[in-house]
Amino acid sequence: MKEVLKYSLIFLLCMPVYNLAAQQDEPMLYIRGSVRKSDTYEPISKVNIEINGGAYTITDSQGRFTIKAKKGDELIVRHKDFETVYYTLINDDRITIEVEPVVNKNINSKFRRDIKRFNSLIDSVAVYKKKDVAKSIKFVGEALTQSNSVSQNAEAYQILAEVYMFWKQYDLAVNNYRISLQNIETNDSKLGLASAYELNKNYQESIDTYNAINKNEIGNYQLITLYEGLGDTYFRIKNYEASLSAYQKGLTIAKDHLISPKVVDLNSKIAQTFNANGKAEEAEEYFDSSMNLAEQETKKRALEEKVTVADFQNTNRNYDKEIELRKQIIEDVEVVERDSIIDNASALTPQKQNYKIGNAYALQKDYVNAIPYYEKSIEEADDKEDLIVKKDATKKLSDLFVDTGNYQKALETFTAYTEVVDELYIKREQELSQADRLRRNIGEQQNRITSLESDRALNESLVESRNKNQQIIIYALIVGMLLLTVMAFVMYKYIKQQRFANNLLALKSLRSQMNPHFIFNALNSVNSFIASSDERTANKYLSDFSHLMRSVLENSEEDFIPLQKEIELLDLYTKLEHFRFKDKFDYSITVDDAVNVSEYQIPPMLLQPYIENAVWHGLRYKTKKGHLYISIDKKSSSEITISVSDDGIGRERSKALKTEHQKKQNSKGMGNIKKRVAILNEMYKDKVDVFIDDFQDEDDAGTKVVVTLKRD
């Protein structure tokens, strides 16, 4: 009986409780995860993954999925083999869903431990991806030593490439995406490689990679990502027409499938492309759409879009609109900062917005309003240790004081500027030193992983070589077996043909023995008529006999003749025997109306010896006149029976009356018939069956021979 597995779900991340009111202000995240069995870690494909009221996807053949959501959203996981699962998202860390059978004793424990260790290391990579690049790379190296399959190798190199993408090591990301694809080709890795090529300024390779992806094999979200990435690459090489075409295709799919975050992103990118191409009016229309749509997303996303539009207004010298937007950003960013951290790299920081408002006023020669915003920017930058903005704002403020004729303030501000520059220089030196150490560390770790890959490739080469030799041996054995099989078949056909030929010779020999026997008996009958001076009867008998002999000779080379012809021969033969023994028996031949004699074939002269035995050894010795019955009846839809019955003295009494010579001759005649039937059945698959028994339970027991004949 097939074992029934009971499934339970285990999440590797704890389920948090979140303030739902804050969800509207959360940024959109790319959630990646996988669904697998806990005992074998076998991935489960075609699992339904859905965000409540939002995006939808399914797991691929490796059990993996990618979906866009925000922190606090509910992830719904459905599949026919387990109950629906609901999970509240924490962040964009990988999620692993395990399906655990209660009992499975057939799994190798070491294999299970290796896979569990591998997945644990991959989870550790995801945890440290944004915190410690060296640790992440170290965990990938350890995971590769635990890998048992090309799919695990592909997963390890893919996540390593993602680590490098986060830390902006795009050349290393390219290399590792390519290694991942050499193990197993996945659409996630292809999209990642194309993006890495673009960021590494390998623009043509990026375009070629995007275009090589089969668009019929990827989900809607991945297809949007493809067109968006293709548009980004064309934008980077200033092919704005191709960029717009790609963005528009992605936008159409996003609208059709209600993927609202991507609708916002693509409207914004189309606007930026129009602006870069000198079409400000078209750009403004799309920016209006992106701003309105962004308001329906998170608060942070709405502010990010306002920053983009403000930059657009600045480029087109619409300083009043720019200032208005940046003031709105400063007011709203405080709300966003309550729920999330905005680091100095973000364009949303108050110090940057105040600095750009000051720039906008300065460009309008409104120095009175510009100065307070520069001062506010310097204050904010000082609080948040943003030396870059502090340096720029201090330099601008110093220049502004010079332009307004306030040289004392200009000198003080310039002195502060030089101090900030010195401080920034020291900080940059430290950052460069740290970056250098980081690069060396990354290089060492990557070299270690590269050596692991080289060792693995060498081992695979050796295994492949050994497997190739084994395959050659196996193929040689298979060819040998095929040759032996062909030879055996040829021998079998030859033996079968020889046996068939031998059977034909045996049948011919048996017929040649039966025909003289019949002729001898018939001539004895003619001789007896002549001896009794019954010339007229002898002439009649010879005429019928010659007719019978002609028919017998015509059929002597055939294995089977039509049943109708055999009936005619039997009638003629029985008529001849009745000539001789009129006072001993009468005979009748009956054919059932249900029997269509034209459908059946029968060996020639098969029944004649049984009729001859009935007359010569049964009816001839009967004191009273006997009867010979020949009947043909239907047994089934494909079989008939031919019965030869007599009420003569029976087999036992006939045997007692025979001389030794007669017994030998009779035995030889019956033996020939049995051999003939056996050979015919071997050649024609049991077409004929013969059964002999007593005809009745009386002194004259008689004999009954039943021949069963099958239709072709």
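The model shown is predicted, which means the values in this text are computed figures rather than measured ones.

Trainee: Any chance you could explain the overall build of the protein here in plain terms?
Mentor: Scanning the protein from terminus to terminus reveals 21 helices and 15 strands. When burial is assessed residue by residue, the protein has 45% of its 712 residues classed as buried. The contacts of the protein with a sequence gap of at least 6 include a subset with a gap of at least 24, amounting to 65%. Element-wise, carbon and sulfur atoms account for 51% of the exposed surface of the protein, whose accessible area totals about 38300 Å².

Trainee: What am I meant to see in a negative patch on the surface here?
Mentor: A cluster of acidic residues, E281, E282, E285 and D288, forms a negative patch on the protein surface. Among the structural elements, E282 can be located in helix α10 (residues 280-294).

Trainee: Explain the nonpolar core here, please?
Mentor: What tends to happen in soluble globular proteins is that the nonpolar side chains get buried as a cluster. L563, I602 and L628 are the most contacted members of the largest nonpolar core, which has 41 residues in total. Of all the secondary-structure elements, those providing two or more residues to this core are α17 (535-554), α18 (563-580), α19 (608-619), β12 (626-636), β13 (639-646), α21 (660-684) and β15 (703-710). Ranked by residues supplied to this core, first place goes to α18 with eight residues. Discounting chain neighbours no more than four positions away, the residues touching L563 are V597, Y600, Q601, I602, I640 and I642. If you look at the next biggest cluster of nonpolar residues, it comprises 32 residues, including A194, I218, Y221 and F287.

Trainee: Just to check I follow, could you spell out the sheet that holds β15 for this structure?
Mentor: Consider a sheet: its strands pair through backbone hydrogen bonds, and that pairing is either parallel or antiparallel. Read across the open sheet, the five strands follow the order β10-β12-β13-β15-β14; overall the sheet is mixed. Looking at strand neighbours, the two that pair on one side only are β10 (585-591) and β14 (688-694), the edges of this open sheet. Along the sheet, successive strands turn relative to each other by an average axial angle of 15°, direction set aside. Sheet topology places β14 next to β15; seven bridges connect them, and they run antiparallel. Residue pairing across strands places F691 opposite V706, the latter belonging to β15. Against the sheet, α18 engages β10, β12 and β13, with an angle of about 170° to β10. Contacts from α19 reach β10, β12, β13, β14 and β15, with the element oriented near 150° to β12.

Trainee: Whenever I open this one, the environment of R439 confuses me. Can you help?
Mentor: Here R439 lies in helix α16 (residues 407-531). The class for R439 is partly exposed, based on a relative accessible area of 46%. Spatially, the C-alpha atoms of R439 and A134 are 9.8 Å apart, while their sequence positions differ by 305 residues.

Trainee: I'm lost on the pattern of salt bridges in this one. Help?
Mentor: Charged atoms that come close allow side chains of opposite charge to pair. Throughout the structure, instances matching the rule amount to 24 salt bridges. Residue E50 pairs with R78 through a salt bridge whose shortest N-O separation is 2.9 Å. Of this pair, E50 sits in strand β3 (residues 48-51) while R78 sits in strand β6 (residues 74-79), placing them 28 residues apart in sequence. Given the relative accessible area of 25%, E50 is considered partly exposed.

Trainee: Help me out: how do you make sense of the packing of aromatic side chains in this one?
Mentor: What characterises a pair of aromatic rings is the spacing of the ring centres plus the angle enclosed by the ring planes. Overall, the coordinates contain nine aromatic pairs when judged by the stated rule. Ring centres of Y128 and F139 lie 5.7 Å apart, and the angle between their planes is 35°; on these two criteria the pair is classed as tilted. A residue pair is termed long-range when its members are at least 10 positions apart, and Y128 in helix α1 (residues 109-128) and F139 in helix α2 (residues 133-146) qualify at eleven residues. What makes Y128 partly exposed here is its relative accessible area of 27%. Against the face of F139 rests K138, its NZ or CZ located 5.6 Å from the ring centre.

Trainee: In this structure, what is going on with the packing of helix α7 (residues 220-236) against helix α9 (residues 260-276)? I would like to understand it.
Mentor: The axes of two packed helices give the description: the angle between them and the distance between them. Axis separation between α7 and α9 bottoms out at 11 Å; the angle between their running directions is 15°. Between α7 and α9, the angle is such that the two are roughly parallel. Crossing geometry of α7 relative to α9 is assigned as left-handed. Every residue of α9 that contacts α7 at Y221, I224, E228, D232 and F235 is listed here: K262, D265, L266, K269, Q272, T273 and A276. Split into classes, the residues belonging to the contact of α7 with α9 amount to five nonpolar, two polar and five charged.

Trainee: How should the sheet that holds strand β7 (residues 82-88) be read in this particular structure?
Mentor: Reading across from one edge, β4-β3-β6-β7 is the order of the four strands in this open sheet, with antiparallel pairing throughout. Each edge of the sheet is formed by a strand with only one pairing partner; in this case those strands are β4 (56-58) and β7. Taking the axes of each pair of neighbouring strands and ignoring which way they run, one obtains an average angle of 20° across the sheet.

Trainee: Explanation requested: the pairing of β15 in the structure shown.
Mentor: Of all eight residues in β15, six are buried; the element is thus mostly enclosed. Inspection of the sheet shows β13 paired to β15 by eight bridges, in the antiparallel sense. Residue S645 lies in a different strand from β15, and its bridge partner there is K704.

Trainee: Before we go on, may I ask you to explain the side chain of K68 in this structure?
Mentor: For K68, the location among the structural elements is in strand β5 (residues 64-70). Residues in contact with K68, not counting those within four places in the same chain, are M28, L29, Y30, I51, A55, Y221, P261 and D265.

Trainee: Is there a simple way to explain unusual backbone geometry in this structure?
Mentor: With the exception of glycine, most residues fall at negative phi, and the peptide bonds are largely trans. One non-glycine residue with positive phi stands out, namely K168, at about 60°. Owing to a relative accessible area of 60%, K168 belongs among the exposed residues under this scheme. For E385, which is not glycine, the phi dihedral falls at a positive 55°. Structurally, E385 can be placed in the loop between α14 (367-383) and α15 (387-404).

Trainee: Mind showing me how you'd approach α9 here?
Mentor: The end-to-end C-alpha separation of α9 is 25 Å, in line with the 24 Å expected for 17 residues at 1.5 Å each. Directly after α9, the chain includes G278, whose backbone phi takes a positive value near 80°.

Trainee: Would you take a moment to explain the environment of A173 for this structure?
Mentor: The residue A173 is located in helix α4 (residues 170-183) in this model. What makes A173 buried here is its relative accessible area of 0%. Spatially, the C-alpha atoms of A173 and A196 are 6.3 Å apart, while their sequence positions differ by 23 residues.

Trainee: How should I be thinking about the packing of α9 against helix α11 (residues 299-315) in this particular structure?
Mentor: In the contact formed by α9 and α11, the axes pass within 11 Å of each other and the chain directions differ by 10°. Comparing the axis directions of α9 and α11 gives the class roughly parallel. Contacts between α9 and α11 involve V264, D265, S268, Q272 and N275 on the former and, on the latter, R301, E305, T308, F312 and T315. Among the residues forming the contact of α9 with α11, the class breakdown is two nonpolar, five polar and three charged.

Trainee: Please clarify how the confidence of the model for the protein should be interpreted in this entry.
Mentor: Any residue range with low pLDDT should be treated as having predicted coordinates unsuitable for detailed reading. Per-residue confidence for the protein gives a mean pLDDT of 80, with 85% of residues at or over 70. In this model residues 1-25 is a low-confidence stretch, pLDDT under 50, and it forms 59 contacts with partners more than four residues away in sequence or in other chains.

Trainee: Can you walk me through the environment of L424 in this structure?
Mentor: Considering the arrangement of structural elements, one finds L424 in helix α16. Distance in space between the C-alpha atoms of L424 and L387 is 6.1 Å, their sequence separation being 37 residues. The contact partners of L424, leaving out residues within four places of it in the chain, are L387, I388 and K391.

The rules behind each value
Residues numbered from 1 in each chain as written. Predicted model: local features only at pLDDT ≥ 70, side-chain atom pairs only at ≥ 80, totals over all residues. Heavy atoms only, no water. Helix = DSSP H or I, 4+ residues; strand = E, 2+ residues; numbered from the N terminus. Buried < 20%, exposed > 50% of the residue type's maximum accessible area, 1.4 Å probe, protein only. Contact = heavy atoms within 4.5 Å. Areas by Shrake-Rupley, 256 points an atom, 1.4 Å probe, with all protein chains shown as cover. Patch = residues over 30% accessible without salt bridge, like charges linked within 9 Å, V, L, I, M, F, W, Y side chains within 5 Å. Salt bridge = Lys/Arg side-chain N within 4 Å of Asp/Glu carboxyl O. Lys, Arg positive; Asp, Glu negative; His and termini not counted. Charge placed at Lys NZ, Arg CZ, Asp CG, Glu CD. Core = buried A, V, L, I, M, F, W, Y, C linked by side-chain atoms within 4.5 Å. Pairing = 2+ DSSP bridges. Axes fitted to C-alpha atoms, helices over the stretch in contact; angles between N-to-C directions. Phe/Tyr/Trp six-rings, centres within 6.5 Å; stacked < 30°, edge-to-face > 60°. Lys NZ or Arg CZ within 6 Å of the ring centre and 35° of its normal. Parallel < 35°, antiparallel > 145°, perpendicular 65-115°, else oblique. Left-handed = near helix turned anticlockwise from the far one by under 90°. Nonpolar A, V, L, I, M, F, W, Y, C, P; charged D, E, K, R; others polar. Expected span 1.5 Å × (residues − 1). pLDDT = per-residue confidence, 0-100.

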